[in-house]
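Chain residues, written in single-letter form:
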Amino acid sequence: MNKLRVLKQFVGLKLRGKFQSREALLAYQETKWQSFVQSTLSKSTFYRPYIQGDKVDRHGLPIIDKAIFMDQFNQINTVGIDRDAAMDLAVRAESSREFDSTIDGITVGLSTGTSGKRGLFLISAEERESWVVMVMDRILPPKWFRKQKVAFFLRANSNLYTSVQSAIYDFQYFDIFQPIQTLAEALLVYRPDVLAGQPSILLALADILTKGNTQPSPWKPMQMISFAEVLHPEDATLLKHVFDAPIREVYQCTEGLLGVSCDHGTMHLNEDNLIVETEWIDEHHCRPIITDFTRKSQPVIRYRMSDVLKIKQTPCSCGSPFLAVEQILGRDDDVLWIGGERVFPDVLSRKIALATDAFARYEIVQTGETEIHVNIQSNHFEETKAAIAAVLEEYLSPIHEAPLRIHWHATTFNPTLKQRKIRHEIQHKIH
Ligand SMILES: [Zn+2]
């Protein structure tokens, strides 16, 4: 990594300042889009046929999804990397736990979405530098006179992440495939300033450090960072209480660094790097279609995410003109389908959190039209069960036609698996 270029970019970003209005932001995006078309998309076999003339209307390009993105991998990428070779390399890197896979200087990474389908991402050295600049700007502001220690709990390390290692940050990678007890002990030895991990790992650490009750932890970081999974508001509250530190939510996935929560706790999409189109499902919920004009080796253009976003109805008090997201609801299968209606998980999980104080982790899985399984991990199983049963009765009974069959199970969750609290596993969707 070229530190001078990173510093230059970072200073440039700071000097550019904040966008004064939504209009100024849109004008900036359009300029960036047009120059991106000429400099990058013209190199992509998939997109070249759409480029005619000096100005290209984005809406003339196809909307794609993950399946097309992976299927057309070789045609879309601009660096001539073959999908099968890249996949082979990434899988080998992950199983050997040696994470330095590059092809011709391009980092190849593997991602497993919550749907379990594997995705590949390509990052050039230049893109990695831009990523570091974004991390410095929005996630880990440098403290110039003191090195910050960052504990990074990850499924797989990547030289993308360790590239932030420098004079200002000391990174330590914690492999989440190790026993959580071992990781907690290592954490207490390292004592980082910043604790970063997926919510289910942070919750599992909270559980161990407080020995299963919700007392404040004997050790506290200065800052927590949550990524890779939906951070449920009640879990954020619990983590803030246990660790007595603020938590910043990062919306990062194969498709890029999409958003970061601001100091007011609102998630803003990084619209200075992305154009976000919204496909509305109902009045408040939409699926984002993103166009990233910073991804040069693997363009992400009019890419329909499977996440559902609940858009904030009132402007955030921080003054940012970037789209404010009230909540990321995860994938489209993170809903229940009852009586032909979509029940979004946020309503249920908030109610459940209000109904019980017991430290519990749970999962509500719909397996058939009237079949629901509830898995609970708690020292207060009966209390949690009663709370969840009451909420399900209150919300679902007015809309279901046939009686629901609810099965209750006591379980221990594997913290290395992505947590999806409420979801359906119905093979034939009923919508
Ligand atoms: Zn804000």
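Computed from a prediction, not measured in an experiment: that's the story for all the values here. (Residues numbered from 1 in each chain as written. Predicted model: local features only at pLDDT ≥ 70, side-chain atom pairs only at ≥ 80, totals over all residues. Heavy atoms only, no water.)

Some words on the packing of aromatic side chains
- Across all of its chains, the model carries 11 aromatic pairs by this definition.
- Judged by centre distance (6.1 Å) and plane angle (50 degrees), the rings of Phe19 and Phe322 are tilted. Residue Phe19 is found in the loop between α1 (3-16) and α2 (22-39), and its partner Phe322 is found in the loop between β14 (307-311) and β15 (324-331); the two are separated by 303 residues along the sequence. Each member of the pair Phe19 and Phe322 is classed as buried. (Phe/Tyr/Trp six-rings, centres within 6.5 Å; stacked < 30°, edge-to-face > 60°. Helix = DSSP H or I, 4+ residues; strand = E, 2+ residues; numbered from the N terminus. Buried < 20%, exposed > 50% of the residue type's maximum accessible area, 1.4 Å probe, protein only.)

A look at the packing of helix α8 (residues 180-190) against helix α9 (residues 199-209)
- Where α8 meets α9, the closest approach of the two axes is 10 Å, and the angle between their N-to-C directions is 75 degrees. Between α8 and α9, the angle is such that the two are roughly perpendicular. Here Ile180, Gln181, Ala184, Leu187 and Leu188 of α8 come into contact with α9, specifically with Ile201, Ala204, Leu205, Ile208 and Leu209.
- Considering only residue class, the contact of α8 with α9 consists of nine nonpolar, one polar and no charged. (Axes fitted to C-alpha atoms, helices over the stretch in contact; angles between N-to-C directions. Parallel < 35°, antiparallel > 145°, perpendicular 65-115°, else oblique. Contact = heavy atoms within 4.5 Å. Nonpolar A, V, L, I, M, F, W, Y, C, P; charged D, E, K, R; others polar.)

Details of unusual backbone geometry
- Residues other than glycine seldom take positive phi values, yet Arg191 does so here, at roughly 45 degrees.
- Structurally, Arg191 can be placed in the loop between α8 and β6 (194-197).
- Unlike most non-glycine residues, Arg302 shows phi in positive territory, near 45 degrees.
- Relative to the elements of secondary structure, Arg302 occurs in strand β13 (residues 300-304).

So, the domain arrangement of the chain
- Taken as a whole, the chain is organised into domain 1 (1-331) and domain 2 (336-424).
- Centre-to-centre, using C-alpha coordinates, domain 1 lies 29 Å away from domain 2.
- Across the boundary between the two partners, domain 1 contributes 27 residues, which contact 19 residues of domain 2.
- For the pair domain 1 and domain 2, the summed buried surface comes to about 2100 Å²; carbon and sulfur atoms form 56% of the total. (Domains from an automatic or database assignment. Buried area = accessible area lost by both parts, 1.4 Å probe.)

Concerning the pairing of strand β4 (residues 148-154)
- Of all seven residues making up β4, six are buried, and the element is well covered by its neighbours.
- Two strands pair when backbone bridges link them, and β4 and strand β5 (residues 169-175) are joined in this way by seven bridges, in the parallel orientation. Each residue of the ladder has a partner; that of Gln148, found in β5, is Tyr169.
- Bridge analysis of β4 against β6 gives three bridges, and the strand direction is parallel. Bridge pairing links Phe152 to Ala196 in β6. (Pairing = 2+ DSSP bridges.)

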